[in-house]
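Coordinate analysis (summary)
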Amino acid sequence: MKRVLSVAVVLVGLITASTATADDGAGPFHVTVTARDARVGVLLRAAGGGHFCTASVVDAPHRDLIVTAAHCLGGGGGLVFVPGYRDGRAPYGEWRVQRRFLTRGWDEGRHEDSDVGFAVLAPRGGREVQDVVGGNRFVTGTATGATGVTVTGYPDARERPVSCTDRPSALGRTQQRVACPGFSGGTSGSPWVNGDGEVVGVLGGHDQGGTTPGVSYSVVLGTEARRQYRRAAAHP
């Protein structure tokens, strides 16, 4: 889980670029603001307690799939996903995690380059979660920094999500980073969504997402993530 010192969330930051184009994401770079996105939500322990990670709905044939950081899906006990969570309310309901899919690299060695996981949600009232809130496409093989991305997540000290847009930069071949203020503990699993509505990163990876609220990381989504998505999406 992203481990950072307790700080106030920055809602106004230094604008280092003018208004972004459609391919660059949703807004000016390096400015963190309160967000609304029904496809993004929190993970809760079924046994109770506050939210501890972020996840988002991704498009899949069975319309029941979320993506988050692999380290958010570990441990025993049940999990619940609450899309669009805000001020303690669940406007789109609470969805029980039914099955988890982790990569071999994470299962066998907790490798930071494998810190991406998927979970299948049980239906609710005869409907799947994607039927209710929609889902973003999960895309692998995108060059780091090809476009800007908007990162949306839930700091564990807040009851509303925040978002920020930045152009990722590389940290070696297998990790990427963004500079966005205010992404403290609880934002692990936050989707990185480009201007085409595609998830091209998931907050996690290096140092389980980062040790400061101003810099966050993601695995570069490649072959392993693509294989895992296909396995989870095709579940019986």
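Quantities reported herein were computed from a predicted structural model and do not represent experimental measurements.

**Regarding empty space enclosed by the protein**
Under the counting rule described, the total for this entry stands at one cavity of 30 Å³ or more. Within this model, the largest cavity holds a volume of roughly 100 Å³. T142, A143, T144, Q176 and V200 are, among the 13 residues lining the largest cavity, the residues nearest its centre. By residue class, the composition of the lining of the largest cavity is eight nonpolar, five polar and no charged.

**Considerations on the sheet that holds strand β2 (residues 40–45)**
Strand pairing in a sheet takes place through backbone hydrogen bonds and is either antiparallel or parallel in direction. Reading around the circumference, β2-β3-β4-β7-β6-β5 is the order of the six strands in this closed barrel, with antiparallel pairing throughout. Strand-to-strand twist in this sheet, taken as the mean axis angle between neighbours without regard to direction, amounts to 40°. With four bridges joining them, β2 and strand β3 (residues 53–58) adopt antiparallel strand pairing. Note that in β3 the partner of G41 across the bridge is A55.

**What to know about the side chain of T140**
You can see T140 is positioned in the loop between β8 (137–138) and β9 (149–153). There is a polar contact of 3.1 Å between the side chain of T140 and the side chain of R226. Setting aside chain neighbours within four positions, we find T140 in contact with L221, G222, A225 and R226.

**Section: the packing of aromatic side chains**
Under the counting rule described, the total for this entry stands at four aromatic pairs. On the basis of an interplanar angle of 70° and a centroid distance of 6.1 Å, the ring pair of Y85 and Y154 is categorised as edge-to-face. Note that Y85 is positioned in the loop between β5 (79–83) and β6 (95–102) and Y154 in the loop between β9 and β10 (162–166), a separation of 69 residues in sequence. Take Y85: its relative accessible area is 10%, and that puts it in the buried class. Judged by its relative accessible area of 1%, Y154 is buried. Where F118 meets F138, the ring centres are 5.1 Å apart and the plane angle is 80°; that geometry is what we call edge-to-face.

**Quick notes on the nonpolar core**
Judged by nonpolar contacts, the single largest core of 20 residues is most densely connected at L43, V57, I66, L73, F81, L121 and V129. Those elements that provide at least two residues to this core are β3, β5, β6, β7 (117–121) and α2 (129–133). Once residues within four sequence positions are removed from consideration, V129 is found in contact with V57, R63, D64, F81, P83, W95, L121 and G134. Among the nonpolar cores identified, the runner-up in size contains 18 residues, and L65, V116, L221 and A233 belong to it.

**A word on unusual backbone geometry**
Although it is not a glycine, H30 sits at a positive phi angle of roughly 65°. Mapped onto the fold, H30 is located in the segment before β1 (33–34). Under the relative-accessibility criterion, H30 is labelled buried at 18%. Backbone geometry places D207, a non-glycine residue, at a positive phi of 50°. By secondary structure assignment, the location of D207 is in the loop between β14 (198–202) and β15 (215–219). Overall, D207 belongs to the partly exposed group, its relative accessible area being 33%.

What counts, and where the lines are drawn
Residues numbered from 1 in each chain as written. Predicted model: local features only at pLDDT ≥ 70, side-chain atom pairs only at ≥ 80, totals over all residues. Heavy atoms only, no water. 1 Å grid on protein atoms, 1.4 Å probe; cavity = no way out; pocket = protein on both sides within 12 Å on 5 of 7 lines; lining within 4 Å. Points joined across faces, edges and corners; volume = space filled by probe spheres on them. Nonpolar A, V, L, I, M, F, W, Y, C, P; charged D, E, K, R; others polar. Pairing = 2+ DSSP bridges. Helix = DSSP H or I, 4+ residues; strand = E, 2+ residues; numbered from the N terminus. Axes fitted to C-alpha atoms, helices over the stretch in contact; angles between N-to-C directions. Polar contact = N/O pair within 3.5 Å; in protein donor to acceptor, adjacent residues only side chain to side chain. Contact = heavy atoms within 4.5 Å. Phe/Tyr/Trp six-rings, centres within 6.5 Å; stacked < 30°, edge-to-face > 60°. Buried < 20%, exposed > 50% of the residue type's maximum accessible area, 1.4 Å probe, protein only. Core = buried A, V, L, I, M, F, W, Y, C linked by side-chain atoms within 4.5 Å.

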